Amino acid sequence: MSQKAAHVRIIGHVQGVGFRWQAMLLARSLNIDGWIRNCQDGTVEAFIQGEKDAVTQMLQWLKIGPPRAKVEALEVSWCETGHEIKGFNIIG
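Residues numbered from 1 in each chain as written. Predicted model: local features only at pLDDT ≥ 70, side-chain atom pairs only at ≥ 80, totals over all residues. Heavy atoms only, no water.

The name recorded for the protein in an unreviewed UniProt entry is acylphosphatase, from Thermovirga lienii.

Written as structure tokens, this is what we have:
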């Protein structure tokens, strides 16, 4: 299967709603490598890397987020794969 990697910015009411925690749990269940963090401007930023289907599934979830979130926009920049990241963690 093919690998995909993306840098993602999630815009909206996405901090203080369990977004990073829920994203981490899903990413780990999908065997996605990467990280997620809150940004000072109120957005959430993530890097995800894994099998194409898993990355697609993760992006679909990021468009919605957990129940208390209100995602207004998702900015996705596709990246080169092969980054030396193992596992998925909350950083920052």
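> For this particular structure, what's the right way to read the packing of aromatic side chains?
Aromatic ring pairs: the centre-centre distance and the angle between the two ring planes describe each pair. On inspection of all chains with the given rule, the structure shows one aromatic pair. Its guanidinium or amino end placed over the ring of W78, K4 lies 5.6 Å from that ring's centre, counting from NZ or CZ. (Phe/Tyr/Trp six-rings, centres within 6.5 Å; stacked < 30°, edge-to-face > 60°. Lys NZ or Arg CZ within 6 Å of the ring centre and 35° of its normal.)

> Which parts of the structure should I look at to understand the environment of K86?
Mapped onto the fold, K86 is located in the loop between β4 (70-78) and β5 (88-90). Given a relative accessible area of 68%, K86 falls into the exposed group. Residues K86 and W35, spaced 51 residues apart in sequence, show a C-alpha to C-alpha distance of 9.6 Å. (Helix = DSSP H or I, 4+ residues; strand = E, 2+ residues; numbered from the N terminus. Buried < 20%, exposed > 50% of the residue type's maximum accessible area, 1.4 Å probe, protein only.)

> What is the right way to look at the sheet that holds β4 in this model?
Strand pairs in the sheet, formed through backbone hydrogen bonds, run parallel or antiparallel to each other. Pairing in this open sheet of five strands is mixed, and the strands run β4-β1-β3-β2-β5 from one edge to the other. Unpaired on one side and paired on the other, β4 and β5 mark the two borders of the sheet. Neighbour-to-neighbour, the strand axes of this sheet turn through a mean angle of 20°, independent of strand direction. Summarising the sheet, strand β2 (residues 33-38) and β5 pair through three bridges and their orientation is parallel. Each residue of the ladder has a partner; that of G34, found in β5, is F88. Together, β1 (3-13), β3 (44-51) and β4 form the strand contacts of helix α2 (residues 52-62), whose direction differs from that of β3 by roughly 155°. (Pairing = 2+ DSSP bridges. Axes fitted to C-alpha atoms, helices over the stretch in contact; angles between N-to-C directions. Contact = heavy atoms within 4.5 Å.)

> Is there a simple way to explain the pairing of β2 in this structure?
The side chains of a regular strand alternate between both faces of the sheet. In the sheet, β2 pairs with β3 via six bridges, with the strands oriented antiparallel. Counterpart to W35 in the pairing with β3 is F47. Here β2 folds back onto β3, and the loop between the two strands holds five residues, one of which, G42, carries a positive phi near 95°.

> Help me understand the side chain of Q49 in this model?
Relative to the helices and strands, Q49 is located in strand β3. Take Q49: its relative accessible area is 6%, and that puts it in the buried class. With residues near it in sequence (within four places) discarded, Q49 still touches Q3, K4, A5, N31, I32, D33, V55, E80, T81, G82 and H83.

> Would you mind going over the side chain of E45 with me for this structure?
By the element assignment, E45 lies in strand β3. Exposure remark for E45: the relative accessible area of 9% places this residue in the buried category. In terms of polar contacts, E45 uses its side chain to reach the side chain of H7, at 2.5 Å. Here the side chain of E45 touches R37 through a polar contact of 2.7 Å, side chain to side chain. For E45, the residues in contact, after removing those within four places along its chain, are H7, V8, R9, W35, I36, R37 and C39. (Polar contact = N/O pair within 3.5 Å; in protein donor to acceptor, adjacent residues only side chain to side chain.)

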